[in-house]
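# Report on the structure
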Amino acid sequence: LHSLPSARQNLVLRAWLRGLGLPVPSHRTLAAFRHDMLEAARDRIPTVDWPGARVYRYRGHLHATVREQEPVTMPQGDWTVGTTFDLGALGRLELVAANGVGLRREGLPVVLQVAGRNGGEVFRAAGSAHRRPLRKWLQERGVLPWRREQVPLVCIAGEIAAIGAFAYGGAHAAAPGEPSWRIAWRGRPPLTEVEARELAEVAGEGPLR
């Protein structure tokens, strides 16, 4: 996109947005959009939105999404083993019988807690002796910044036992060969860079570089 003249940039951006089924911004908004996305420092994550659409720049790519009327928040509360936890627009959580993957069944409380991020959380992954900031864990795995607040944390006695369906840890992580419950996150949105690109490629409209 940087290599194109401004008039061509406008054409490419409009075609990209239309291909995604998103509204095209006014000429003035598009000019501000181009400036913010192309001129912001490399370590920034600029965001531009207008009615019906929002675009982020992250690690050299532009990602476009529908701009919701109300922000999508992650539901929180108690989750009873054997039931489904409804996350609303973010899908639902289920426990699937497994062996050596997930949360060990022995000693698992009947009620788990599902929470969202508040900042400052730490996570001790299965097999690790050390806790690490959750923020770093999400960054290293390429979870998109605007999706990180939408990742449910399954907690037991105040400790993070699972990060969505991605990872397990703490005192209740299953050992190899141990009867366990694996968390399935049904109907979730794409959360990582890789997932967003794969979904866009299937739809025929990838993120812009």
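Quick notes on the rules
Throughout this document, residue positions are counted from 1 along each chain, in the order its sequence is written. Local features in this predicted model are restricted to residues of pLDDT 70 or higher, and side-chain atom pairs are both shown and tallied only at a pLDDT of 80 or more, whereas totals for entire chains, interfaces and linings draw on every residue. No hydrogens and no water enter the side-chain calculation; it runs on all heavy atoms of the structure. Buried Ala, Val, Leu, Ile, Met, Phe, Trp, Tyr and Cys residues that are joined via side-chain atoms within 4.5 Å together make up what is termed a nonpolar core. With a 1.4 Å probe rolled over the protein chains alone, any residue whose accessible area is under 20% of its type maximum counts as buried; one over 50% counts as exposed, and the rest are partly exposed. Helix and strand definitions follow DSSP, with helices as H or I runs of at least four residues and strands as E runs of at least two, each counted in order from the N terminus. Any two residues whose heavy atoms approach within 4.5 Å are treated as being in contact. The criterion for strand pairing is that DSSP finds at least two bridges linking the strands in question. Multiplying one less than the number of residues by 1.5 Å gives the expected span of a helix. An arc is given here, and it is the one of the directions from the helix axis to the C-beta atoms. We count a salt bridge whenever a side-chain nitrogen from Lys or Arg sits within 4 Å of a carboxyl oxygen from Asp or Glu.

## Details of the nonpolar core
- Counting 30 residues, the largest nonpolar core has Trp79, Leu93, Ile163 and Ile183 as the members making the most contacts within it.
- The set of elements that each furnish at least two residues to this core consists of β6 (92-99), β8 (111-115), α3 (134-140), β11 (153-156), β12 (159-163), β13 (167-168) and β14 (179-186).
- Setting aside its immediate chain neighbours within four residues, Ile183 contacts Trp79, Leu93, Glu94, Leu95, Leu103, Val154, Ala162, Gly164, Ala165 and Tyr168.
- In this structure, Leu17, Leu22, Trp50 and Ala53 belong to the second largest nonpolar core, which totals 14 residues.

## Re the sheet that holds β12
- Across the sheet, five strands lie side by side as β4-β8-β11-β12-β13; this open sheet has antiparallel pairing. At either margin of the open sheet sits one strand with a lone partner, and together these are β4 (77-80) and β13.
- The pairing of β4 with β8 spans four bridges and is classified as antiparallel. Following the sheet pairing, Asp78 is matched in β8 by Gln113.

## A short note on the environment of Val48
- For Val48, the position within the fold is in strand β1 (residues 47-50).
- Given a relative accessible area of 9%, Val48 falls into the buried group.
- Sequence separation between Val48 and Asp36 is 12 residues; the distance between their C-alpha atoms is 7.8 Å.
- Apart from the residues lying within four places of it in its own chain, the contact partners of Val48 are Phe33, Asp36, Met37, Arg54 and Val55.

## A short note on helix α2 (residues 27-39)
- Its 13 residues place the ends of α2 18 Å apart at the C-alpha level, agreeing with the 18 Å of an ideal helix rising 1.5 Å per residue.
- Within the sequence span of α2, burial applies to Leu30, Phe33, Arg34, Met37 and Leu38. Mapping the buried residues of α2 onto a view down its axis gives an arc of 100 degrees, with all of them on the same face. Across from the buried face of α2, at angles greater than 90 degrees, the exposed residues are Arg28 and Glu39.
- The secondary structure elements touched by the buried residues of α2 are α1 (6-19), β1, β2 (53-58) and β3 (61-65).

## What about α1?
- If you check α1, its first and last C-alpha atoms are 20 Å apart, about what 14 residues at 1.5 Å a residue would give, namely 20 Å.
- Residues Gln9, Asn10, Leu13, Trp16 and Leu17 constitute the buried set of α1. Seen along its axis, α1 keeps its buried residues to an arc of 135 degrees; they face one direction. Seen from the buried face of α1, the exposed residues on the opposite side, beyond 90 degrees, are Ala7, Leu11 and Arg18.

## Side note on the pattern of salt bridges
- Going through the model one piece at a time under the given rule, you end up with 11 salt bridges.
- Put simply, Glu193 and Arg59 hold a salt bridge, and the shortest N to O gap is 2.7 Å. Note that Glu193 is positioned in helix α4 (residues 193-203) and Arg59 in the loop between β2 and β3, a separation of 134 residues in sequence.
- Residue classification places Arg59 among the partly exposed positions, given a relative accessible area of 48%.
- In this structure, Glu140 engages Arg132 in a salt bridge whose closest nitrogen and oxygen atoms are separated by 2.7 Å.
- Residue Glu140 is classed as partly exposed on the basis of its relative accessible area of 46%.

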